[in-house]
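Chain and residue survey
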Amino acid sequence: MTAKIIDGKNVAQAVRLDCKRRVESLEKRYGRAPGLAVVMVGDNPASTVYVRNKIRACHDVGIRSERIMFPATVGEDEVVRTIAGLCANPVVDGILVQLPLPKSFSIERVLGAIDAEKDVDGFHLYNVGGLVVGNTVFPPCTPYGVMKLLEHEGIEVAGKNAVVVGASNIVGKPMALMLMQREATVSICHARTTDLAQYTILADVLVVAAGHPNLILGPMVKSGAVVIDVGINRLANGKLVGDCDFEGVSKRASFLTPVPGGVGPMTVTMLLVNTVNSAERALSRAASSMVSASV
Ligand code: NAD
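What you are looking at is a predicted structure, and each value in this text was computed from that prediction instead of being measured.

**Side note on the overall build of the protein chain**
What the protein chain contains, in helices and strands, is ten helices and eleven strands. Whereas a compact globule of 295 residues would reach a radius of gyration of roughly 19 Å, the protein chain reaches 20 Å, a difference of no more than 12%. Over its C-alpha atoms, taken along the principal directions, the protein chain stretches across nearly 65 × 45 × 35 Å. A sequence separation of at least 24 residues applies to 70% of the contacts in the protein chain between residues at least 6 apart. Here the protein chain has roughly 14,200 Å² of accessible surface; of this, 55% comes from carbon and sulfur atoms. In the protein chain, which carries 30 positive and 27 negative side-chain charges, the distance between the mean positions of the two groups comes to 3 Å.

Printed below as a string of structure tokens:
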């Protein structure tokens, strides 16, 4: 079997085009575009690139964005105060705090300061809890992007064995919850899992997000499985690869995402979707409360 390679760039482009249309229709109807505020502390080079990409993606679909950069020496209280100001600002629909934060910061306190209604990264405890009960306001962008790719390819997960390799708060755990919500039977593997292959070989849908090149080899994959490689690893020769041995896995799987060009383009795209969703909700709520106030 040779896997169909899922073109994440193509899917992302289609979703972004839809965002652009929705932004235009909001501007026409309510006179303003959605707004996203990105808060960054320090000058981590990778974070700088991620923030730049997010700002550029916003610009491309017509979302207004604001970048608030603090030096690494800033106090946590000042960052929390700034977030409170953004929460109160009616033209800010989404607030994102770029991680990592300085080690001395309490991530829980900073992320908890974001109004759950503007938490477009989906990391606020309210949204995490919403995922558990299957009713989240903002699904976290990377697993949300994976679900979008599966949906786009017409891959039904209900009743399937899904295995998620990686159990982080931002990828693995929410991924598992989303697959479970769609009625897959889900196993979660992590660094302490003994004999990873005994799980992966049973997977009809295998999502890998561990951050280790060549963690998943062809013989570890069930013939015909759908394999989504979330991992991003830079090799010593500068090449970007995922967590799967692409050649080996592509001979076993029915579908496979490449790295780069698979899940990566979907992550920023789903941030745009969450921001547009937030603006649509806020603007229609404001409009209906004006109507009821005038009656
Ligand atoms: P993380 O380091 O927070 O978590 C990694 C998880 O993988 C942990 O649960 C760990 O227990 C597990 N793990 C590590 N080694 C393992 C092994 N040998 N076997 C099984 N499980 C193992 O990382 P993260 O933030 O979840 O990211 C995971 C990967 O996904 C990274 O490569 C990251 O760069 C990538 N990523 C990609 C996107 C994207 O948009 N494509 C977004 C976020 C993260």
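**Some details on the nonpolar core**
Formed by 54 residues in total, the largest nonpolar core has its most connected members in Leu-150, Leu-179 and Ile-228. Top contributing element to this core by residue count: helix α10 (residues 264-294), with nine residues. The residues that make up this core include at least three from each of domain 1 (32-115) and domain 2 (141-264). Excluding residues within four positions of it along the chain, Leu-179 makes contact with Met-147, Leu-150, Val-157, Ala-162, Val-164, Ala-184, Val-186 and Val-207. Formed by 19 residues, the second largest nonpolar core is a distinct cluster that contains Ala-37, Cys-87, Val-92 and Ile-95.

**Points about the UniProt feature "domain: Tetrahydrofolate dehydrogenase/cyclohydrolase catalytic" (unreviewed entry) in the protein chain**
UniProt's entry tags residues 6-121 with the feature "domain: Tetrahydrofolate dehydrogenase/cyclohydrolase catalytic" (unreviewed entry), counted in the numbering of this structure. For residues 6-121, the helix share is 51%, the strand share is 16%, and the end-to-end C-alpha distance is 24 Å.

**So, helix α6 (residues 141-152)**
Helix length check: α6, at twelve residues, gives a terminal C-alpha distance of 16 Å against a target of 16 Å (1.5 Å per residue), a fit within 8%. Counting buried positions over the twelve residues of α6 gives nine, a clear majority of the element. For α6, the set of buried residues is Cys-141, Thr-142, Pro-143, Tyr-144, Gly-145, Val-146, Met-147, Leu-149 and Leu-150. Contacts from the buried residues of α6 go to α1 (8-30), α7 (172-181), β7 (205-208), β8 (226-229) and α10.

**Describing the pattern of salt bridges**
In a structure, side chains of opposite charge can pair up when their charged atoms sit close to one another. Taken as a whole and assessed by the stated rule, the structure comprises eight salt bridges. A salt bridge links Glu-151 to Lys-148; its shortest N-O distance comes to 3.9 Å. Of this pair, Glu-151 and Lys-148 both sit in helix α6, separated by three residues, roughly a single helical turn. Using a relative accessible area of 48% as the deciding quantity, one classes Glu-151 as partly exposed. Looking at Lys-148, the relative accessible area reads 25%, which means it is partly exposed. When salt bridges with common partners are traced through the structure, they connect Glu-76, Asp-77 and Arg-109 into a single cluster.

**Comments concerning the UniProt feature "domain: Tetrahydrofolate dehydrogenase/cyclohydrolase NAD(P)-binding" (unreviewed entry) in the protein chain**
UniProt records the feature "domain: Tetrahydrofolate dehydrogenase/cyclohydrolase NAD(P)-binding" (unreviewed entry) for residues 140-281 in the present numbering. Along residues 140-281 one finds 35% helix and 17% strand; the C-alpha atoms at either end are 18 Å apart.

**Let's talk about the layout of surface pockets**
Considered as a void within the structure, the largest pocket measures approximately 1,500 Å³ in volume. Around the largest pocket sit 46 residues that line it, and Tyr-50, Thr-142, Ile-232, Gly-264 and Thr-267 are the ones nearest its centre. The residue inventory of the lining of the largest pocket, partitioned by class, reads 25 nonpolar, 13 polar and eight charged. Viewed by domain, the lining of the largest pocket spans two of them, domain 1 (32-115) and domain 2 (141-264), each represented by three or more residues. Roughly 440 Å³ of volume is contained in the second largest pocket. In terms of lining residues, the second largest pocket is bounded by 17 residues, among which Leu-111, Phe-123, Leu-125, Val-128 and Asn-169 are the most central. Elements supplying a minimum of two residues to the lining of the second largest pocket: α4 (107-112), α5 (125-133) and α7.

**Thoughts on the packing of α6 against α7**
To characterise two packed helices, one gives the angle between the axes of the helices and the distance between these axes. Across the interface, α6 lies against α7 with an axial gap of 9 Å and an inter-helix angle of 40°. Relative to α7, α6 is oriented oblique. As α6 packs across α7, the resulting crossing turns out to be right-handed. The segment α6 lies against α7, with Pro-143, Tyr-144, Val-146, Met-147 and Leu-150 engaging Pro-174, Met-175, Met-178 and Leu-179.

**Comments concerning the site of the ligand**
Close to the ligand lie 20 residues; Ala-167, Ser-168, Ala-191, Ile-232 and Thr-267 are nearest. The contact in question runs from an oxygen atom of the ligand to an N or O atom on the side chain of Ser-168, over 2.5 Å. Protein chains shield 70% of the accessible area of the ligand, which is 850 Å² for the free molecule.

Criteria and thresholds
- Residues numbered from 1 in each chain as written.
- Predicted model: local features only at pLDDT ≥ 70, side-chain atom pairs only at ≥ 80, totals over all residues.
- Heavy atoms only, no water.
- Helix = DSSP H or I, 4+ residues; strand = E, 2+ residues; numbered from the N terminus.
- Rg over C-alpha atoms; globule rule 2.2 N^0.38 Å.
- Contact = heavy atoms within 4.5 Å.
- Areas by Shrake-Rupley, 256 points an atom, 1.4 Å probe, with all protein chains shown as cover.
- Lys, Arg positive; Asp, Glu negative; His and termini not counted.
- Charge placed at Lys NZ, Arg CZ, Asp CG, Glu CD.
- Core = buried A, V, L, I, M, F, W, Y, C linked by side-chain atoms within 4.5 Å.
- Buried < 20%, exposed > 50% of the residue type's maximum accessible area, 1.4 Å probe, protein only.
- Domains from an automatic or database assignment.
- UniProt positions renumbered as here; feature names shortened; annotations may be inferred.
- Expected span 1.5 Å × (residues − 1).
- Salt bridge = Lys/Arg side-chain N within 4 Å of Asp/Glu carboxyl O.
- 1 Å grid on protein atoms, 1.4 Å probe; cavity = no way out; pocket = protein on both sides within 12 Å on 5 of 7 lines; lining within 4 Å.
- Points joined across faces, edges and corners; volume = space filled by probe spheres on them.
- Nonpolar A, V, L, I, M, F, W, Y, C, P; charged D, E, K, R; others polar.
- Axes fitted to C-alpha atoms, helices over the stretch in contact; angles between N-to-C directions.
- Parallel < 35°, antiparallel > 145°, perpendicular 65-115°, else oblique.
- Left-handed = near helix turned anticlockwise from the far one by under 90°.
- Near = heavy atom within 4 Å.
- Polar contact = N/O pair within 3.5 Å; in protein donor to acceptor, adjacent residues only side chain to side chain.

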